[in-house]
Amino acid sequence: MGGTCLLIRNIRPWGAQVTDLRVSDGRIAEVSPNQTPSPDWKTHDGAGAILLPGLVEAHTHLDKTLWGMGWRPHQAGPELKDKIDTERRLRREWDIEPHRQSMRQALLSIAQGTTAIRSHVDMDTDCGMEGFEGVARTRDLLTDQIDIEIVAFPQSGLLNRPGTLELMDQALREGADVVGGLDPCSMDRDPKGHLDAVFALAERHGKPIDIHLHEPAELGAFSIELIVERTLAHAMQGKVTISHAFCLGMSDRDRARGLTADVARAQIHLATVASAHRPVPDAGEVRDAGVTLCAGSDGIRDAWGPYGNGDMLERAMLLGLRNNFRTDDDLEHALRCCTYNGAAVMGLEGYGLAPGDTANLVLVDAESVAHAIVAHPPRQLVLKGGKIVARDGASLRAAP
Ligand SMILES: [Zn+2]
């Protein structure tokens, strides 16, 4: 095994004592201080950097970013429907080509230490399978640099656009990983029909579910109740994620806590962006209720908004800001949402910093984990499956 070894010296796993870490055959072989390298091992001196497991972008939209297309002033109106309609128009006018754009965003993420992405990908009767095919090509091209999971996502509605369900079914047959859904009440105005269709697809293909739920307050609460019912009835505990779940940030905290308890009972996961302009689930409260909360950037520089850069350390900071986290312990919880929790939601095997785990690793120059989150400096080194994929904030592969 000697020839394939990489010894990373002088690093602090999750901010602990200085040690060395040896990678062999894509996995962490040994973590112990003062290892003596064989002459044929490659070595890297971490100079005391913090070592983290690869960051996990658990909610984004690779097919629609405008990254690398120059600055495009925001055009969409304030409502959800305005954004969806504007995006469908601009997709053609601006040639937002899903393969090129997903390559750009994936490489941006790799440069910043992300080693796994769950991407929702639009399918509708206008763009058909274009988005899926483009992102699937990116996934296959970058397979040894990042893990990409594709959610078949009915962005323009499911039942209100006949033909969409068939497209999702086709995408799932052809390698989509997760069944998406969207605002069962406000989008399709048929919550039972929408959710029954989503759960039926999941059952037919044996795939997990991830539903965008923007619905506010009591409307969203009603949708959550329906999702909980179906999760239990289909025995899909641990396989359903609700993204955003803005309604859990409702002002009636007793109602929100009751719903959170139901979500925990059904082992439903939550994904958050820590949105600054909407109520969001309370990260401490859902943790204490036993719910796995993961995090993502959502859309990065797209027709929905001009923000985002794919940096999941910065996302941990935003999660901290949104939840009024100030202590190191709380900040570390924010980073767990962007690492271990995301890995759990995506079902990534061998994730972590222990011997035997896959060597998906990131080095950051910082004094502590909390400092790394707040300062989020350029990543010193990023490894995927034991191979170096980025160095000093830059991906080794050039973007198209
Ligand atoms: Zn989204």
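Residues numbered from 1 in each chain as written. Predicted model: local features only at pLDDT ≥ 70, side-chain atom pairs only at ≥ 80, totals over all residues. Heavy atoms only, no water.

Quick notes on the overall build of the protein chain
Turning to step 1, where the next piece is worked out: Each helix and strand in the protein chain was counted, giving 12 helices and 16 strands.
Turning to step 2, where the next piece is worked out: Its C-alpha atoms give the protein chain a radius of gyration of 21 Å, near enough to 21 Å, the size a compact globule of 400 residues would have.
Turning to step 3, where the next piece is worked out: Based on the C-alpha atoms only, the size of the protein chain along its principal axes is roughly 65 × 45 × 40 Å.
Turning to step 4, where the next piece is worked out: Here the protein chain holds 400 residues, and 59% of them are scored as buried.
Turning to step 5, where the next piece is worked out: Long-range contacts, defined here as pairs at least 24 residues apart, represent 75% of the contacts in the protein chain between residues at least 6 apart.
Turning to step 6, where the next piece is worked out: Counting every atom, the protein chain has about 15400 Å² of accessible surface; 50% of that belongs to carbon and sulfur.
Turning to step 7, where the next piece is worked out: Across the protein chain, the mean location of the 42 positive side-chain charges is 2 Å away from that of the 56 negative side-chain charges. (Helix = DSSP H or I, 4+ residues; strand = E, 2+ residues; numbered from the N terminus. Rg over C-alpha atoms; globule rule 2.2 N^0.38 Å. Buried < 20%, exposed > 50% of the residue type's maximum accessible area, 1.4 Å probe, protein only. Contact = heavy atoms within 4.5 Å. Areas by Shrake-Rupley, 256 points an atom, 1.4 Å probe, with all protein chains shown as cover. Lys, Arg positive; Asp, Glu negative; His and termini not counted. Charge placed at Lys NZ, Arg CZ, Asp CG, Glu CD.)

Notes on the sheet that holds strand β12 (residues 293-295)
Turning to step 1, where the next piece is worked out: Reading across from one edge, β5-β6-β7-β8-β9-β10-β11-β12 is the order of the eight strands in this open sheet, with parallel pairing throughout. Single-partner strands in this sheet number two, and they are β5 (55-60) and β12. Adjacent strand axes in the sheet meet at a mean angle of 25° when their direction is disregarded.
Turning to step 2, where the next piece is worked out: Looking at chain direction, strand β8 (residues 178-182) and strand β9 (residues 209-213) are connected through four bridges and run parallel. The residue of β9 that forms the bridge with V179 is I209.
Turning to step 3, where the next piece is worked out: Where helix α4 (residues 164-173) meets the sheet, it contacts β7 (147-153) and β8, and its direction lies at approximately 155° from that of β8. (Pairing = 2+ DSSP bridges. Axes fitted to C-alpha atoms, helices over the stretch in contact; angles between N-to-C directions.)

Looking at the state of the cysteines
Turning to step 1, where the next piece is worked out: On inspection of all chains with the given rule, the structure shows zero disulfides.
Turning to step 2, where the next piece is worked out: Considering cysteine sulfurs only, C185 is the nearest to C247, which forms no disulfide, with 10 Å between them.
Turning to step 3, where the next piece is worked out: In this model C294 remains outside any disulfide bridge; the closest cysteine sulfur is found in C337, 8.0 Å from its own. (Disulfide = S-S within 2.5 Å.)

Read these as layout, nothing more, since geometry by itself doesn't imply function.
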